[in-house]
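Results of the structural survey
Here's the letter readout for the chains.
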Amino acid sequence: MRHQHIIYIMAILLLAGCYKDKGNYNYLPFGDVQISFLPNSSFPATIGSEFTMEATIKSVSTNDTTRFYDSDLYDYEWNANGNIIGTDKSFTGMCMLPTGQARGLYSVIDKKTGERSMATFVVNVSSSINVGWMVLSEKDGKSELTYIKWQNPSNAPQVFTPYLNAYPLFNQGKELGSQPVKMVEHYGIQAGESEILIIQNGGQGPVEISGKTLARVINTEQEVIGEKFPAGVKPVDAAYYGGSDYLLGSDNKLYSRSSPTETFPMIIQHNRAYNPDPIRVEGGSKITRMTVASYQTNVMLFYDDLNKRWLGTTNNSIYEFDIYKILSPVVSSPAFPDGFTPVHNYGTTTIVYSDLTDTYPSEARNILKTAGGQYRYQRFNASYGAWTYNITCTPLSEIILPVNSYVTDKSLFQILVPRKFIIFTGGAANDKVYYYNLETDAIGLYKDFGGTSIVSLRMNKSAGNARNKNEHLGIGLSNGTFLVMDVATMILTGGTPVELYRVEGLGTIKDIIYKAYNFGNGFNS
């Protein structure tokens, strides 16, 4: 028996090491037992999907297989990567192994003697994670991540596949955390997998997960010098920008890190730490909004609520520069025309929505609310001066939005590009979705949720000529329901809303994003 235990322990250690499988049959038999697998000892599996592994067990001397079906005589154990994943003669279950090749050991245990007969196997694990929707919610005091895979074959019906409470599913049963805040997807320039920062205040805190596998990559606090956030500061937002990344703290200050290379990183890097000292800005600052498109634009904007102005930076040759100097007020060229709110002094006017395009120069689009309650739509081009830190604003237009009788302080906005529509929520309970046609000045009701408040709103912004680009609207409701609605122009304005997908019971929804998966799918044009 002691000999048996030593061999079992050695086999487990072998799986965790550098063992290389040299064939379909690598037996460690005891007595008269022989194990093989059907069809062979290499099993394919996909994370989050059910798969099956079957073993054939027989007596070497008699070729008898029937007695090995008797659970009164034998126990069974499927061990993968050092963890027991099944205890039946055959295995059928959800794959929760990491991508790559998982080494396994199958044991048939004689209940009378305790002896084990063992055979090795491998599980080749792939991922089906790609584009889709992600919902961050709070349920039963915990953070939950829901992933809805979107399969969109040409000239075929669209398919939405939900992965509820997905983080434990893709992280060997571990919980995500608690007190969720928001999500930020980001990319390397090279087409490939993204990462998603999940910001939360409880549990393991903010964590980066792979956009390909949804597996944990690194905890953000590990990426700060000293592996600790400044005292009393918690991240509330983030922006990733090729050579520079920024965390916005609960103290309304920015914390940054720069790429260690002199070119834009082709893949996501975690080899440079965030400075625990915030960026210093002349005249002080109180950052309340970060506006970024993709790495292609070379422009990033931050709203300074202390001085009521936009601050800007660029990736243009910042690698040799002092990071504390690159944040500077946006200047105008030419001068601001009449009726255009100055970007360096918004005064009592507030910004309720902002975004940037992935063109160059980047087009900044802001929805403003004046002290008198008037809503305005402001557009300007943001560009950078060569070999300088200056971001220049070229005014394009600013118009009044006739939405006052529809919106409230809880209203949410999305700008549909390249189509000339603004989608917004309104009604006393913030339970209605409206559209505003910028070309015709028409406002229409798209969907009424009958008293259930809308808490999150997001378009499926994607690149190039992608099918259904900016024609799907993700909506999170206060009752824990997430929906995908079709907002193609004819449907949006046609009077009959079209629901493409719905999932309920997600808890309190905190944030939704359209998961673009890679840099090429994430453009906001």
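Use the structure listed above.
Now for a look at the structure at hand. (Residues numbered from 1 in each chain as written. Predicted model: local features only at pLDDT ≥ 70, side-chain atom pairs only at ≥ 80, totals over all residues. Heavy atoms only, no water.)

Turning next to the overall build of the protein. Broken down by element type, the protein carries 3 helices and 37 strands. Here the protein holds 525 residues, and 52% of them are scored as buried. Long-range pairs, those at least 24 residues apart, make up 55% of the contacts in the protein between residues at least 6 apart in sequence. Of the roughly 22500 Å² that the protein leaves accessible, carbon and sulfur atoms contribute 50%. (Helix = DSSP H or I, 4+ residues; strand = E, 2+ residues; numbered from the N terminus. Buried < 20%, exposed > 50% of the residue type's maximum accessible area, 1.4 Å probe, protein only. Contact = heavy atoms within 4.5 Å. Areas by Shrake-Rupley, 256 points an atom, 1.4 Å probe, with all protein chains shown as cover.)

Applying the stated criterion across every chain yields a total of 2 cavities of 30 Å³ or more. The calculated volume of the second largest cavity comes to roughly 70 Å³. Around the second largest cavity sit Val-224, Phe-229, Pro-230, Val-233, Pro-235, Leu-247, Leu-248, Gly-249, Tyr-255, Tyr-274, Asn-275 and Pro-276, which together line it. Broken down by element, the lining of the second largest cavity gets its largest block of residues, 3 residues, from strand β18 (residues 244-249). For the lining of the second largest cavity, the per-class residue count stands at 10 nonpolar, 2 polar and no charged. (1 Å grid on protein atoms, 1.4 Å probe; cavity = no way out; pocket = protein on both sides within 12 Å on 5 of 7 lines; lining within 4 Å. Points joined across faces, edges and corners; volume = space filled by probe spheres on them. Nonpolar A, V, L, I, M, F, W, Y, C, P; charged D, E, K, R; others polar.)

Tallying each qualifying case throughout the model produces 17 salt bridges. We note a salt bridge from Lys-182 to Asp-237, for which the minimum N-O separation is 3.1 Å. Taken together, the positions of Lys-182 in strand β13 (residues 177-186) and Asp-237 in strand β17 (residues 235-241) put the pair 55 residues apart, joining distant regions of the chain. Among the residues examined, Lys-182 registers a relative accessible area of 23% and is labelled partly exposed. Classification of Asp-237 by relative accessible area gives buried; the value is 14%. A network of salt bridges, in which partner residues are shared, links Glu-223, Asp-245 and Arg-257. (Salt bridge = Lys/Arg side-chain N within 4 Å of Asp/Glu carboxyl O.)

As summarised here, the arrangement of the 4 strands in space is β29-β30-β31-β32, forming an open sheet in which the pairing is antiparallel. Of all the strands in the sheet, the pair left with one neighbour each is β29 (413-416) and β32 (443-448). In this sheet, neighbouring strand axes are inclined to one another by 25 degrees on average, regardless of whether the strands run parallel or antiparallel. Bridge analysis of strand β30 (residues 421-426) against strand β31 (residues 432-437) gives 6 bridges, and the strand direction is antiparallel. If you follow Phe-424 over to β31, its bridge partner there is Tyr-434. (Pairing = 2+ DSSP bridges. Axes fitted to C-alpha atoms, helices over the stretch in contact; angles between N-to-C directions.)

Moving on to the layout of surface pockets. Gaps left between atoms show up when a probe the size of a water molecule is rolled over them. In this model, the second largest pocket occupies a volume close to 250 Å³. Along the walls of the second largest pocket sit 15 residues, with Glu-363, Tyr-377, Arg-379, Lys-420 and Leu-438 positioned nearest its centre.

The strand order across the open sheet built from 3 strands is β2-β4-β7, with neighbouring strands paired in antiparallel fashion. Each having just a single partner strand, β2 (33-38) and β7 (91-94) make up the two edges of the open sheet. Averaged over all pairs of adjacent strands, the angle between strand axes in this sheet comes to 25 degrees, irrespective of strand direction. Alignment of β2 against strand β4 (residues 50-59), held across 6 bridges, turns out to be antiparallel. Each residue of the ladder has a partner; that of Val-33, found in β4, is Ser-59.

All right, on to the side chain of Thr-481 then. Here Thr-481 lies in the loop between β34 (472-477) and β35 (482-486). One polar contact links Thr-481 to Asn-479, side chain to side chain, over a distance of 3.0 Å. Leave out the neighbours within four places in its chain, and Thr-481 touches Ile-475, Gly-476, Arg-502, Val-503, Glu-504 and Ile-509. (Polar contact = N/O pair within 3.5 Å; in protein donor to acceptor, adjacent residues only side chain to side chain.)

Our focus in this paragraph is the packing of aromatic side chains. Per the counting criterion, the structure on display carries 26 aromatic pairs. When the ring of Trp-133 is compared with that of Phe-482, the centres are 5.8 Å apart and the planes differ by 55 degrees; the resulting orientation is tilted. Highlighted residues: Trp-133 in strand β10 (residues 132-139) and Phe-482 in strand β35, separated in sequence by 349 residues. Judged by relative accessible area, Trp-133 falls into the buried class, the value being 0%. Through a chain of ring-to-ring contacts, the aromatic side chains of Trp-133, Trp-150, Phe-160, Phe-482, Tyr-501 and Tyr-514 assemble into a single cluster. A cation over an aromatic ring shows up here: Lys-447 above the ring of Phe-449, its NZ or CZ 5.4 Å from the ring centre. (Phe/Tyr/Trp six-rings, centres within 6.5 Å; stacked < 30°, edge-to-face > 60°. Lys NZ or Arg CZ within 6 Å of the ring centre and 35° of its normal.)

Our focus in this paragraph is the pairing of β17. Most of β17 is tucked away: 6 of the 7 residues are buried. Relative to β18, β17 runs antiparallel, the two sharing 6 bridges. Bridging across to β18, Ala-238 finds its partner in Leu-247.

This brings us to the nonpolar core. Grouped together as the largest cluster of nonpolar side chains are 43 residues, with contacts concentrated most on Ile-35, Phe-37, Tyr-106, Val-123, Met-134 and Ile-198. One finds Met-290, Phe-340, Ile-351 and Ile-391 within the second-largest nonpolar core, a separate group that totals 29 residues. (Core = buried A, V, L, I, M, F, W, Y, C linked by side-chain atoms within 4.5 Å.)

Most of strand β22 (residues 309-313) is tucked away: 5 of the 5 residues are buried. Both strand β21 (residues 300-304) and β22 contribute to a ladder of 5 bridges, which runs antiparallel. Across the sheet, residue Leu-301 finds its bridge partner in β22, namely Gly-312. Between the end of β21 and the start of β22, which pair antiparallel, lie 4 residues, with Lys-308 showing a positive phi angle near 55 degrees.

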